[in-house]
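Listed below are the residues making up each chain.
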Amino acid sequence: MHMQLPDPASTRRPAAVPYKRIATEEAFAPPEMLDIYRRMFDAPDVDPGFKGLMGFYMSSPSDRAQHIMRCLTDLDALRLQHMDEAGIAMQVLALTSPGVQFMDTATAVSFARIANDFLADAIRRHPTRLAGMLAVAPQDPVAAAKEIERGVTQLGIHSVIINSHTQGEYLSDPKFWDIFAAAEANDAPIYLHPNSLPANMLQPFQEAGLDGAVYGFGVETGLHALRIITAGVFDRFPKLRMVIGHMGEALPFWAYRLDYMHRATVKSQRYASVKPIRMQPSDYLKQHFYVTNSGVAWEPAVKFTQDFMGMDRVLYAMDYPYQHAVDEVGMMDNMALSAEDKKRFFQTNAETLFKIKA
Ligand code: 1DF
Ligand code: MN
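Thresholds applied
- Residues numbered from 1 in each chain as written.
- Chains lettered and ligands numbered in written order.
- Predicted model: local features only at pLDDT ≥ 70, side-chain atom pairs only at ≥ 80, totals over all residues.
- Heavy atoms only, no water.
- Salt bridge = Lys/Arg side-chain N within 4 Å of Asp/Glu carboxyl O.
- Helix = DSSP H or I, 4+ residues; strand = E, 2+ residues; numbered from the N terminus.
- Buried < 20%, exposed > 50% of the residue type's maximum accessible area, 1.4 Å probe, protein only.
- Pairing = 2+ DSSP bridges.
- Axes fitted to C-alpha atoms, helices over the stretch in contact; angles between N-to-C directions.
- Near = heavy atom within 4 Å.
- Polar contact = N/O pair within 3.5 Å; in protein donor to acceptor, adjacent residues only side chain to side chain.
- Areas by Shrake-Rupley, 256 points an atom, 1.4 Å probe, with all protein chains shown as cover.
- Patch = residues over 30% accessible without salt bridge, like charges linked within 9 Å, V, L, I, M, F, W, Y side chains within 5 Å.
- Right-handed = clockwise from strand over helix to strand, strands pointing away.

Quick look at the pattern of salt bridges
Next up, step 1: Here the structure, examined in full by the defined rule, presents 15 salt bridges.
Next up, step 2: The partner of R278 in a salt bridge is D235, and the shortest N-O contact between them spans 3.9 Å. Of the two residues, R278 is situated in the loop between helix 12 (251–268) and helix 13 (281–288) and D235 in helix 10 (residues 233–236); the sequence distance between them amounts to 43 residues.
Next up, step 3: What makes D235 partly exposed here is its relative accessible area of 25%.

Observations regarding the environment of V17
Next up, step 1: Examined against the element boundaries, V17 turns out to sit in the segment before strand 1 (22–28).
Next up, step 2: Residue classification places V17 among the partly exposed residues on the basis of a relative accessible area of 25%.
Next up, step 3: Separated by 326 residues in the primary sequence, V17 and K343 place their C-alpha atoms 9.5 Å from one another.

Observations regarding the sheet that holds strand 2 (residues 90–95)
Next up, step 1: Taken in spatial order, the three strands make up an open sheet running 1-2-3, and their pairing is parallel. Since the sheet does not close on itself, it has two edges, and those belong to strand 1 and strand 3 (130–132), each with one partner. Looking at each pair of strands side by side, their axes are set apart by 35° on average, direction ignored.
Next up, step 2: Pairing of strand 1 with strand 2, which is carried by five bridges, proceeds in the parallel orientation. Considered in strand 2, the bridge of A27 is made with A94.

Quick look at the site of ligand 1
Next up, step 1: Taken together, 13 residues form the shell around ligand 1, and within it E25, Y57, R64, H193 and D319 come nearest.
Next up, step 2: Separating an oxygen atom of ligand 1 from a side-chain N or O atom of E25 is a distance of 3.0 Å.
Next up, step 3: Between ligand 1 and H246 there is a distance of 3.2 Å, counted from an oxygen atom to a side-chain nitrogen or oxygen.
Next up, step 4: Expressed as a share of its isolated accessible area of 360 Å², the protein-covered part of ligand 1 is 93%.

What about a nonpolar patch on the surface?
Next up, step 1: Taken together, the side chains of L210, V214 and Y215 present a nonpolar region at the surface, about 300 Å² in accessible area.
Next up, step 2: Along the chain, V214 falls in the loop between helix 8 (199–206) and helix 9 (216–230).

Quick look at the sheet that holds strand 5 (residues 160–163)
Next up, step 1: Across the sheet, six strands lie side by side as 4-5-6-7-8-9; this open sheet has parallel pairing. The sheet terminates laterally at strand 4 (134–135) and strand 9 (314–315), the two strands that pair on one side only.

Details of the pairing of strand 5
Next up, step 1: Of the two faces of strand 5, the one carrying V160 and I162 and the one carrying I161 and N163 are both buried.
Next up, step 2: Note that strand 4 and strand 5 share two bridges and pair parallel. By the bridge assignment for strand 5, A135 is matched with I161.
Next up, step 3: One crossover worth recording links strand 4 to the parallel strand 5 by way of helix 6 (residues 141–155), and it is right-handed.
Next up, step 4: Two strands pair when backbone bridges link them, and strand 5 and strand 6 (residues 190–193) are joined in this way by four bridges, in the parallel orientation. Looking at strand 6, one finds that V160 is bridged to I190.

So, in structure tokens, the structure goes:
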């Protein structure tokens, strides 16, 4: 296998292919949400990770920030043009991180509904090009559960986005489990997407500039997924399914050590919080999770993850507009995979998971 890292700088247009490319972790932002964010940045107690991340994109004159802001707020001509240029047939959209998760509870609950209606309108305008995930406010788990039911039954959106921690709190805490109950009851997978690092984790990452998508996001989101697994969430909700991006936030690569050390930790009774669970951590990854390759257009990593998770559990994603890299599409097209497996990766796994009608 070639272990050389590809050059993401060139821009060739991808070729016609016998499958639809469905990109499954693509971001948008209603302008009204950015107005709410602007007001939040002025508060004295604003979360430093949130302000550092979205404050940057919303105020920086850099080409990267300007491009991202323009793309995030467009759900029509510009987005479709970028999709056409990249050969993307369909985007599965999610309210950009952190969505509503730093808002006060009342604002978060009401804005999640507004965002979902806004998304449903865009999908109605472009039903063959756009699909989506439901935003919810974990700050109010009962309201989040209701919004999942409303979104699935009334908006026809069959998955949920949660941007990792909510103000430093993790879904491993049973106070959030009404959300899992609703996701399971409505057969809606939850995409656990990165968030900026919580305040108590930020400093050693941020001082080295490693808090964002470069590394910190993956560490924190992987931690969150592991907390959910080791808290016994899937023993309690056996039909619950989750999705993680960025090649499973490296968890497939960790699987062997996770299993060994989790087993040893349970046995030694070192922590009251580490109780026995029915299976090994890697079994939950393989049976309850789907992985997208957002941000990781690297054949050896995709192949390893397919080998670990199974061909039906690894899906294509671009992470537009944060990784708007047209060249990566062709690199994924050219992976040494059978025609059937390539179609699973780009198209049919997404159609099944997100209940997209072909
Ligand atoms: C970044 C990356 C920002 C991702 C995101 O949301 C995001 C970034 C604010 O590069 O700063 O969703 N990402 O998923 O990799
Ligand atoms: Mn993303």
